[in-house]
Amino acid sequence: MISTSTPRSNETERYYNYAYLDEQTKRMIRRAILKALAIPGYQVPFGSREMPVPYGWGTGGIQLTAAIIGPDDVYKCIDQGADDTTNAVSIRQFFAKVADVATTEDTAEATIIQTRHRIPEQTLKAGQVLVFQVPQPEPLRGLEARETETRAMHAYEEYGLQYVSLYENVSAYGRIAATAGYPVMVEERYLMSPSPIPKFDNPKMDDNEAILLFGAGREKRIYAVPPHTQVRSLDFEDYPFEVQTWEESCALCGADDAYLDEVVLDDVGTKMFVCSDSHHCGQRRAEGHVGPMAGHQLAQGEAEAAL
Amino acid sequence: MAYVSVKGGEKAITNAHSWLAEARRGDPRVPEIDVAQIREQMSLAVDRVMAEGSCYDPDLAALAIKQARGDLPEAIFLVRAYRTTLPRFGASEPVETEEMAVLRRISAAFKDIPGGQILGPTFDYTHRLLDFALAAEGASLPAAAALSETPQPYPMPTIGSVFAHEDLLERDERPEAEDAPFDLTREPMAFPAGRDQRLQALARGDEGFLLSLAYSSQRGWGSTHPLCGEIRFGDVTVEFVPEELGFPIEIGELSVTECQMLSGFSGSAERAPQYTRGYGLTFGHCERKAMSMAIVDRALRHREVGEQADAPVQDEEFVLYHSDNVEASGFVQHLKLPHYVDFQADLQLIRRLRREHFERNNPIKVAAE
C-alpha cells in the first residue's frame, strides 16, 4: 500500500530546502509545537510563513508537517475524510516531492496524517501524529471579534460567554445546535476549537494515544493535544453532548457506526450514504463487508484511484 | 440527470494545470509576451507586485505577472511564496529618502516650495481618452521629454525642512533605542501595534483595501482632514554594513514612492497646536497606495493625539488584520474547497429542526404521514 514511486524532483534539483521550509523556520515551528504540547489547548502565536498554497488550503497544517517530517516518515493526507479529494491529493504530492517521503492511504501505516475536517475512523496509536488544518483557531471568535479580548478571556479562563451561547441554543432550538467545530475543554483549562470536524469526531480526541497538532497558518497559531489528554465537549447536565447518528448505513460497506456523506444520485431526491473515511470504507469492503449498494460505480472509481 | 461523484483527483489536477497553461498562453498565433516586455511596458503592475509582494525584484515580479496571467493578487502571492524561502543575510541601513534622486516631487501645501514642483511621468493631467494610435502596430518611439535647463537641487528639500524653523510640523523623530523593527514576516500580528508594525502591514497591504479605507476617512468615517504635504518618487541607495568591514557599503538602488500627509492638531494641555504626519512608503511608483497608506497611518494614530475613535479606519485590529490580500484572497476563496462533511452535519440539524417545526405547527398532518 505504501507508495514510493513518487516524483522526486526536489531531490535532484534542490531548488528548495528539504520539506520546503528552511531549517531556522522549522526550528521556530518545533519550539512552538513543544510549547503547545506543554500547555494543552493553548494557542501559541508563531511566525507563520507564506506557503506555496493559498491561505485556507492548509498552510498551517503544511507548516506543521514540514517541521516534523523526515525521510523515514510515511505520510497520509485526507480532506473530508477521503484520500482522493483534490486538495488532499495536491498536498500529498507536495510532500512526496519536497520531502522525498513515502505516502500511504492506510491509516495504520502512516506516521503523520494530515487532515482537514475529519479524524479517521480507525483508532490512532502511540507514535502517530495527526495534523489538523485549522481555518480559525479561536473558539470564541464567533462571539467576540477582537483578538485582544479573546486572549484575555482565555487568560482569565472566562468562558461564561461560550456557555451563554450554548444556553441560547437550547432555548431557541431545544438542543445545542453546534454541529461542526464544536468547542471542547482541554484538561479543564483551555477552551479549544477542534477545527471544523463534525462533533461526531470530538470523542476521538479524548485520551487519544496519538499526538494531535493543530496549525492555523493565516491566523498564525499552533496548538496541541498531547497523548492521553482529557478533551471534553461542552454540554449541560440536562442537555448532554451527543454525536450525529444516521438511520442509514454505508451503501457500500454497510458500516452503521461511521460518519456518512450524502451523495445525491439524481435530481428527484434519490441519494445514497457512504463513509466519509474512504480508507475505512475500502478496508471494510476488502474484509467482506457489504452494503445495500455494493458494487456501485462510486466504489469502482475509488478502486481505480487507489491503483 | 444522473450525477457521478468526482473521483480520481490526481488526474483532474494534472489536466487542469495543462489547461491553465494553455489558457495562459492564449491564441498561439499571437506572439508570446516576454518577461522583459512586461518589466518595461507594464511597469506600474510590476511596481505593485513588488510593493505588496514585499520583494524588490522587477524581473521576478514581471515573471509572476506573466505566470499569473495578469492577475496581480495572484502574482503578489507567487512573489511572497518565493521570498519567504530566501535566506536572510542581514538588515540594511535605513534608506534615506531625503537623499532620493527625485524623478517626481510635488506638494499640495504650497504653490511653490524650495526645490520646485516636479511633475515627472504622471497620469495626473492627461485626458483619459483612449489613444488608438497605441493599438497600431509598428508605432514610432514617443518623442523624448525635454530636459530641464536648470539642474534640480540635490538633495531635494523635504516638506519637513520647509517647516523646520517654525516647528509647525511634528518632527520626524528617529527612535532613541535602535531596536530591530517589528517584522511581520517573522512574528505574528500583536496588539497594540507599534508604528513600525503598522507601517509594515500597510506597506504590504492591499492597495484597494487601503484606498477604500482612506476614502471612507475622507468622507467623514474617522476623518483626519489630510493635506498632501509631499509626494516624492525616485531612486534611493541601499547600504549594508558587512560584519567583516564594520562600515556601510552601497549594495543597490531602489525606486520608491513616499508620501507625507499633513493633518492639523489643535493641541492639548501638554502640546502646542501643530501639524501631524501620516506616512506612506512603497517600492516602485505606487502613488495611490502611498497616499492611502499615509491617510490610514494617520487615522490609526488617533490615540497619540486624543481623537475619538469610532470609525473602521481607526480600528487597528480591523485594519491590520484585514489588509493583506494574500491572506484575504486565500481565505475567501478556500470556500471553493469541499465542505461536505460540515455541510452534512448542518443538513442533519436543519432537517431535524424543520421536522420539529412542522410537528409543532401541524401535528395531525405530520402524524398522518
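These figures come from a predicted structure and were not determined experimentally.

K.L.:
Would you take a moment to explain the overall build of chain B for this structure?
P.N.:
A count of helical and extended segments in chain B gives 13 helices and 4 strands. A globule of 369 residues ought to have a C-alpha radius of gyration of about 21 Å, yet chain B, at 26 Å, is considerably larger. Projecting the C-alpha coordinates of chain B onto the three principal axes gives extents of approximately 95 × 65 × 55 Å. By the burial criterion, 29% of the 369 residues in chain B qualify as buried.

K.L.:
Explain the pairing of strand E9 (residues 221–225) of chain A here, please?
P.N.:
Moving residue by residue along a regular strand, the side chains alternate between the two faces of the sheet. Residues and elements named next belong to chain A. Of all 5 residues that make up E9, 5 are buried, and the element is covered over most of its length. Of the two faces of E9, both are covered, the one formed by Arg221, Tyr223 and Val225 as well as the one formed by Ile222 and Ala224. With 2 bridges connecting them, strand E1 (residues 44–45) and E9 associate as antiparallel partners. Directly across from Pro45, in E9, lies its bridge partner Arg221. Across 5 bridges, strand E8 (residues 211–216) lies against E9 in antiparallel orientation. Among the inter-strand pairings, Leu212 is bridged to a residue of E9, identified as Val225. Here E8 folds back onto E9, and the loop between the two strands holds 4 residues, one of which, Lys220, carries a positive phi near 60°.

K.L.:
Any chance you could explain the domain arrangement of chain B here in plain terms?
P.N.:
How big an interface is tends to be expressed through the accessible area that disappears when the partners come together. All names here are of chain B. Under the domain assignment used here, chain B contains domain 1 (10–83), domain 2 (97–121 + 153–171 + 187–329) and domain 3 (340–368). Taken together, the 13 residues of domain 1 in the interface contact 13 residues of domain 2. Those elements giving two or more residues to the side of domain 1 that touches domain 2 turn out to be helix H3 (43–53) and helix H5 (72–83). Residues that form the side of domain 1 that touches domain 2 fall into these classes: 8 nonpolar, 1 polar and 4 charged.

K.L.:
Would you explain the sheet that holds E9(A) in this entry?
P.N.:
Strands in a sheet are paired, the pairing made by backbone hydrogen bonds, and the direction either parallel or antiparallel. Residue and element names in this part refer to chain A. Read from one edge to the other, the open sheet built from 7 strands follows the order E1-E9-E8-E5-E4-E2-E3, with strand pairing classed as mixed. Where the open sheet ends on each side, the last strands, each with one partner, are E1 and strand E3 (102–103). Both strand E2 (residues 74–79) and strand E4 (residues 112–116) contribute to a ladder of 5 bridges, which runs parallel. The partner of Lys76 across the bridge, within E4, is Ile113. Where helix H2 (residues 23–38) meets the sheet, it contacts E1, E8 and E9, and its direction lies at approximately 45° from that of E9.

K.L.:
Would you explain the interface of chain B and chain A in this entry?
P.N.:
Taken together, the contacts link 41 residues of chain B with 51 residues of chain A. Those elements that place two or more of their residues in the side of chain B that touches chain A are helix H1 (9–25), H5, helix H11 (325–333) and helix H12 (340–361) of chain B. In terms of residue count, the dominant contributor to the side of chain B that touches chain A is H12(B) (10 residues). Of the residues in the side of chain B that touches chain A, the class split is 21 nonpolar, 11 polar and 9 charged.

K.L.:
It is not clear to me how the packing of H2(A) against helix H3 (residues 59–68) of chain A should be interpreted in this structure. Could you clarify?
P.N.:
A packed helix pair is summarised by two numbers, namely the angle formed by the two axes and the spacing between the axes. Residue and element names in this part refer to chain A. One can describe the packing of H2 onto H3 by two numbers: an axis separation of 9 Å at closest approach and a directional angle of 105°. In terms of orientation, H2 and H3 fall into the roughly perpendicular class. Contacts from Lys26, Ile29, Arg30 and Ile33 of H2 reach H3 at Gln63, Leu64, Ala66 and Ala67. Of the residues in the contact of H2 with H3, the class split is 5 nonpolar, 1 polar and 2 charged.

K.L.:
Where do I start with H1(B) in this structure?
P.N.:
Counting along an α-helix, one turn takes 3.6 residues, and residues three or four places apart therefore face a common direction. All names here are of chain B. With 17 residues, H1 should cover 24 Å at 1.5 Å per step; its first-to-last C-alpha distance of 24 Å lies within 8% of that length. Taken across its 17 residues, H1 has 1 buried, putting it largely on the surface. Where H1 ends, the next residue or the one after it, Gly26, has phi of about 70°, a positive value.

K.L.:
Help me understand the sheet that holds strand E1 (residues 101–106) of chain B, please; the structure alone is not making it clear to me.
P.N.:
Residue and element names in this part refer to chain B. In spatial order, the strands read E1-E2-E3-E4; together these 4 strands make up an open sheet with antiparallel pairing. Since the sheet does not close on itself, it has two edges, and those belong to E1 and strand E4 (274–283), each with one partner. In this sheet, adjacent strand axes meet at a mean angle of 20° when their direction is disregarded.

Conventions adopted
- The written sequence of each chain sets the order in which its residues are numbered from 1.
- Chains carry letters from A onward and ligands carry numbers from 1 onward, assigned in written order.
- At least 70 in pLDDT is required for a residue's local features to be given in this predicted model, at least 80 for side-chain atom pairs to be given and counted, and no such filter applies to totals for whole chains, interfaces and linings, which use all residues.
- Runs of H or I in DSSP of at least four residues are treated as helices and runs of E of at least two as strands, each being numbered from the N terminus.
- Throughout, radius of gyration means the C-alpha value; the globule benchmark is 2.2 Å times the number of residues raised to the power 0.38.
- Partly exposed residues are those falling between the two cut-offs: more than 12 but fewer than 20 other C-beta atoms within 10 Å of their own, whereas 20 or more means buried and 12 or fewer means exposed, with C-beta atoms placed from the backbone.
- Strands qualify as paired when DSSP identifies two bridges or more between them.
- Domains are outlined according to an automatic or database domain assignment.
- What counts as a contact is two residues whose backbone-derived C-beta atoms lie within 7 Å of each other.
- Classes in brief: Ala, Val, Leu, Ile, Met, Phe, Trp, Tyr, Cys and Pro nonpolar; Asp, Glu, Lys and Arg charged; the others, Gly included, polar.
- Where helices are involved, their axes are fitted lines through C-alpha atoms of the stretch in contact, as for all axes, and angles between N-to-C directions lie from 0 to 180°.
- Here the angle decides the label: under 35 degrees means roughly parallel, over 145 means roughly antiparallel, 65 to 115 means roughly perpendicular, and every other value means oblique.
- Between the first and last residue of a helix there are one fewer steps than residues, each counted as 1.5 Å, and that sum is the expected span.

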